[in-house]
Amino acid sequence: MDRTHEARTIVVSGCPQNELDCRRMADKLVIHFQKAKSAGGDVEKIKYPTRIKGVAYITFEEKEVADRVLTVEQLLADKELENEYPLTVYRFSEEVFCYTHAEVDLSLFSEHEKLVKELRTRNRAVRISPLQANQRVQVEGPFTAIKKLREDLLRLLETSQKEKSVTARDRRRERQSSRAVTSEQGAAPFSSEADASNTEACLIWLDTNVFRYIQHVHKDDFEWILKKHDVQATTQVGGDLTGVTLKKRYQGLWQLETAKLEIEQWVSNVQSRLRTETIHYEKDFEEEKFLQACKDVSCGFPRVLFTPVEGHIDIIGNSSDCYLFCQLVEMQMKSSLHDKDRWLSASPGATDMSYYSTGRTGEPNSLPMTMNSDMHRMSGNNLYSSMHCDNWSER
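So, how was this worked out
Residues numbered from 1 in each chain as written. Predicted model: local features only at pLDDT ≥ 70, side-chain atom pairs only at ≥ 80, totals over all residues. Heavy atoms only, no water. Helix = DSSP H or I, 4+ residues; strand = E, 2+ residues; numbered from the N terminus. Buried < 20%, exposed > 50% of the residue type's maximum accessible area, 1.4 Å probe, protein only. Contact = heavy atoms within 4.5 Å. Areas by Shrake-Rupley, 256 points an atom, 1.4 Å probe, with all protein chains shown as cover. Axes fitted to C-alpha atoms, helices over the stretch in contact; angles between N-to-C directions. Parallel < 35°, antiparallel > 145°, perpendicular 65-115°, else oblique. Left-handed = near helix turned anticlockwise from the far one by under 90°. Nonpolar A, V, L, I, M, F, W, Y, C, P; charged D, E, K, R; others polar. pLDDT = per-residue confidence, 0-100. Polar contact = N/O pair within 3.5 Å; in protein donor to acceptor, adjacent residues only side chain to side chain.

Caption draft 1: Representation of the overall build of the protein chain within the structure. Within the protein chain, the secondary structure is distributed over 13 helices and 15 strands. Counting only residues that meet the buried cut, the protein chain has 46% of its 395 residues in that class. Sequence-distant contacts in the protein chain: of pairs separated by 6 or more residues, those separated by 24 or more amount to 71%. In the structure as shown, the protein chain presents an accessible area of about 21200 Å², 49% of it carried by carbon and sulfur atoms.

Here it is as structure tokens:
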């Protein structure tokens, strides 16, 4: 697609499925985007269906029309449709071919409906489903747009925590001031509770799977950074995110910010090297077999972490390790005799295992501190390579 054609093309997601046949639905979309209330105009062509469910590509005759429809909230309504369907519309680019789905947990935030509305406004290329009862939403869109959404959420969460921290600190200072007046009047000096208020803290939000991987593989490196800056860390797991609180006495607050920056850079580098494979299973009784297979295989992969999640198991590590790990699990599950010697003889030897356990690139345990792209822990997204086991001869 040339640049001129691309500039006149938009991506439409959220097209209703299973209500009309594809040809009829394409007609409805063309009619919708030719209406004045949709800020539309003459449509040159439409591509629907596409390889992405519920997504259409529409090319207008004029670029100005494509620009205009992006500024309007689009709601598809027709007497042949049972409901009205909000459509997510954004400009076409090659990024659409890296399309991903994810589930986002918003339980750590307040005012959820307001947050969802704000996220939709700030992330027009991401389709965000209505808020569910468990405070989760389904999102879909180009990989870069999903990544930006994740960064926005982390930034909003950090801002919220800072505001709470400032409020708590102001309250402590008020109590200290009150106690100081009482002390001048002959009361007892400050207690140990007042001394404890002299501790400053800052919060870092990490992907839970990434944090677990760090604890599994890089725990010594993480603790070395804390010791280097003389700070303490406490953690709080909140679903897909884990909050790491760094604490430091007032006489060295600059070290707190330095430690936070170094940890963020280091974690970003670790994330950039990680990949998540997903092993799915259909029935609950299969979980035990899969977990046992993962435990057996993990002996040869000290730098791979497997985490059971409802309905599947996440395999986390570098690309080569994860791929081989899943291949060996598949071989184990296929083997009718579950003979370890048998499937290990068909896999790489002990020497090769050692080679793969450090990755093909031979990265060292202590990683250089460079900012890089990150790995996302969002269930169900296409950032994962899924290994489905439906057709295996034996569970």
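Caption draft 2: Structural context of the packing of helix H10 (residues 284-298) against helix H11 (residues 319-334). At a minimum axis separation of 9 Å, H10 and H11 run at an interaxial angle of 125°. By the angle between their axes, H10 is oblique relative to H11. Handedness of the crossing formed by H10 with H11: right-handed. When H10 is examined against H11, the residues Lys289, Phe290, Ala293, Cys294, Asp296, Val297 and Ser298 are found in contact with a partner set consisting of Phe325, Leu328, Val329, Gln332 and Met333. Across the contact of H10 with H11, the residue classes break down as eight nonpolar, two polar and two charged.

Caption draft 3: Region of the structure containing the confidence of the model for the protein chain. Residues with a pLDDT of 70 or more make up 73% of the protein chain, whose mean pLDDT is 76. Throughout residues 179-197 the model reports pLDDT below 50, and contacts reaching past four residues in sequence, or to other chains, amount to 13 contacts. Predicted confidence for residues 349-395 stays below pLDDT 50, and this span has 132 contacts to residues more than four positions away or in other chains.

Caption draft 4: Focus on the environment of Leu75. Turning to its location among the elements, Leu75 is positioned in strand E4 (residues 74-76). On the accessibility criterion, Leu75 (42% relative accessible area) is partly exposed. Separated by 12 residues in the primary sequence, Leu75 and Leu87 place their C-alpha atoms 5.8 Å from one another. For Leu75, the residues in contact, after removing those within four places along its chain, are His32, Glu84, Tyr85 and Pro86.

Caption draft 5: Main features of the side chain of Asp296. Tracing the backbone through its elements, the reader meets Asp296 in helix H10. Assessed through its relative accessible area of 15%, Asp296 is described here as buried. Polar side-chain contacts of Asp296 include one of 2.9 Å to the side chain of Gln332.

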